[in-house]
Amino acid sequence: MKMKAVVVEATGGVEALQFKNFEATSIQCTSNEAIIKNEYAGLNFIDTYHRSGLYPRDCPFILGQEGGGVIERLPTDPGADLLGFKVGDRVVYGAFGSYAEKTSVPLDKLVPVPDDMEMKTAIACMIQGLTAHYLSSSVGAGIAKEGDWVLVYGVGSGTGQWTSQMCNLRGYKVIGTTSKGKVNDKSTFGCDELIVLDNATGKSYADYTSVDIVSKVMDITNGKGCKLIIDGIGKDTYEISLKCLAKRGLFVSFGNASGAVPAFPVLRLLPQSAYMTRPKLNDFVASREELLDRASDVFTWVKEGKLNIVIDKVFDLEEVRAAHEYLESGGSKGKVLFEIKCPN
């Protein structure tokens, strides 16, 4: 099958992104996969990690791991379990190869899109929404309780924007950080307190040296610190996170916007009898039941108006280099999508 796709033949900067006709031998309708005619694909920071080689993959590969559209083909094997899907159904998914006109997706990774929800909104709910769901509900379960303070970095865009709102829904008291360029009414981000930082020129994250975050957090929490710290920034913030922990608090490092967190002695956790974890989404949607349960919660909260969803920009797929530059520049204030215009 020949189709338009974004292909990475050798990892690197945005120049590694090639929008081209690609002979996609991997796009097949096997006994447990469907072919999706994509309408949109989501842009996530993890895409930049795959493109750069930080998270290695075998080259060449089609980039992207979040998309949505309609089912074009389903398995025809007599014994195939179609999980109730039909050709023409609207679905979203998290699976490799979404920067393309068509993607072959395991049936158990497909999530039906509610009839009253736009495709753009449904895709925005996937990687970032599901990540925020497990970060706010599962990782710190039993450690942070209703009324406890939590610290969420980067609430002005991306996963942080979702996570702060879901922590608020859980009854946590939320301290958020954001840059001056993304500041807004703090209620938009679900925060009780907002720490506003200077912009870091040319970076995807704020200048975390511009404000004494530790002092601010300790003032807000009356010296107790935060029971849960959700940190997608990485190298530039892990020291701050360790110093902001409450007794028996949990430091969750889930991203590398400023670079990967370096190794540090486990004794650093001793003063607060603290915990640390480095989770990933796939382990929290490991079963179809868990995937659908989390997606149902997120879709419901969006439809009820409990989550403020910001679609920041929509690029054509052929503008993929500009989109990656935009995300890595720190300009985004919400979800960034690609529109995929498939020929009929």
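The shown structure was predicted, so the numbers you read here are calculated from the model rather than taken from an experiment.

Q: I would appreciate a short explanation of the pattern of salt bridges in the present structure.
A: Where side chains of opposite charge bring their charged atoms close, a pairing between them can arise. Tallied over the entire structure, the rule returns 12 salt bridges. For glutamate 328, the salt bridge is made with arginine 51, and the minimal N-O distance between the two is 3.0 Å. Of this pair, glutamate 328 sits in helix α8 (residues 320-328) while arginine 51 sits in helix α1 (residues 45-52), and the two are 277 residues apart along the sequence. Overall, the relative accessible area of 28% leaves glutamate 328 in the partly exposed class. The closest approach of N and O atoms between arginine 268 and glutamate 239, which form a salt bridge, is 2.6 Å. Here glutamate 239 lies in helix α6 (residues 238-243) and arginine 268 lies in the loop between β14 (245-253) and β15 (275-277), a separation of 29 residues in the sequence.

Q: I'm lost on the pairing of strand β6 (residues 90-93) in this one. Help?
A: Remark: a regular strand shows side chains that alternate across the two faces of the sheet. Across 4 bridges, strand β5 (residues 67-73) lies against β6 in antiparallel orientation. Within β6, the residue paired with glycine 68 across the bridge is valine 92. As judged from the 3 bridges shared by β6 and strand β8 (residues 110-112), these two strands associate in the antiparallel manner. Note on β8: the bridge partner recorded for tyrosine 93 is leucine 110.

Q: Just to check I follow, could you spell out α8 for this structure?
A: Taken residue by residue, α8 has Val320, Ala323, His324, Tyr326 and Leu327 as its buried positions. Along the axis of α8, the buried residues cluster in a sector spanning 160°; they form a single face. In the core, the buried residues of α8 are packed alongside β1 (2-8), β2 (17-23), β3 (33-43), α1, β16 (311-316) and β17 (335-339). Following α8 by one or two positions, glycine 330 adopts a phi angle in the positive range, close to 85°.

Q: Sorry if this is basic, but what is going on with the environment of leucine 43 here?
A: Note that leucine 43 resides in strand β3. What makes leucine 43 buried here is its relative accessible area of 1%. Note: C-alpha distance between leucine 43 and phenylalanine 338 (295 residues apart in sequence) is 7.2 Å.

Q: What am I meant to see in the packing of aromatic side chains here?
A: Centre distance and the angle of the planes are the two values used to describe a pair of aromatic rings. Scanning the model with the defined rule gives 6 aromatic pairs in all. Centroid distance tyrosine 134 to phenylalanine 284: 4.4 Å. Interplanar angle 5°. Geometry classified as stacked. On the criterion of sequence distance, the pair formed by tyrosine 134 in helix α3 (residues 127-139) and phenylalanine 284 in the loop between β15 and α7 (288-303) is long-range, its members being 150 residues apart. The class of tyrosine 134 is buried, set by a relative accessible area of 2%.

Q: Explanation requested: the sheet that holds strand β11 (residues 193-199) in the structure shown.
A: To summarise the sheet geometry, strands pair through backbone hydrogen bonds and adopt either a parallel or an antiparallel arrangement. Reading across the sheet, the 7 strands line up as β12-β11-β10-β9-β13-β14-β15 and stay open at both edges, with mixed pairing between neighbours. Looking at the sheet topology across the chains shown, the edges are occupied by β12 (206-207) and β15. One ladder, built from 5 bridges, connects strand β13 (residues 226-231) with β14; its direction is parallel. Bridge assignment links aspartate 231 to a residue of β14, and that residue is serine 253. Sheet strands in contact with helix α4 (residues 158-169) are β9 (149-152), β10 (173-179) and β13, and its direction is about 170° off that of β9. On the sheet, helix α5 (residues 213-220) packs against β9, β10, β11 and β13 and is oriented at approximately 170° with respect to β11.

Q: Is there a simple way to explain the side chain of glutamine 161 in this structure?
A: Positionally, glutamine 161 belongs in helix α4. Judged by its relative accessible area of 4%, glutamine 161 falls in the buried class. Once you skip the residues sitting within four places of it in the chain, glutamine 161 turns out to touch Gly154, Val155, Gly156, Phe189, Val310, Lys333 and Gly334.

Conventions adopted
- Residues numbered from 1 in each chain as written.
- Predicted model: local features only at pLDDT ≥ 70, side-chain atom pairs only at ≥ 80, totals over all residues.
- Heavy atoms only, no water.
- Salt bridge = Lys/Arg side-chain N within 4 Å of Asp/Glu carboxyl O.
- Helix = DSSP H or I, 4+ residues; strand = E, 2+ residues; numbered from the N terminus.
- Buried < 20%, exposed > 50% of the residue type's maximum accessible area, 1.4 Å probe, protein only.
- Pairing = 2+ DSSP bridges.
- Arc of directions from axis to C-beta.
- Contact = heavy atoms within 4.5 Å.
- Phe/Tyr/Trp six-rings, centres within 6.5 Å; stacked < 30°, edge-to-face > 60°.
- Axes fitted to C-alpha atoms, helices over the stretch in contact; angles between N-to-C directions.

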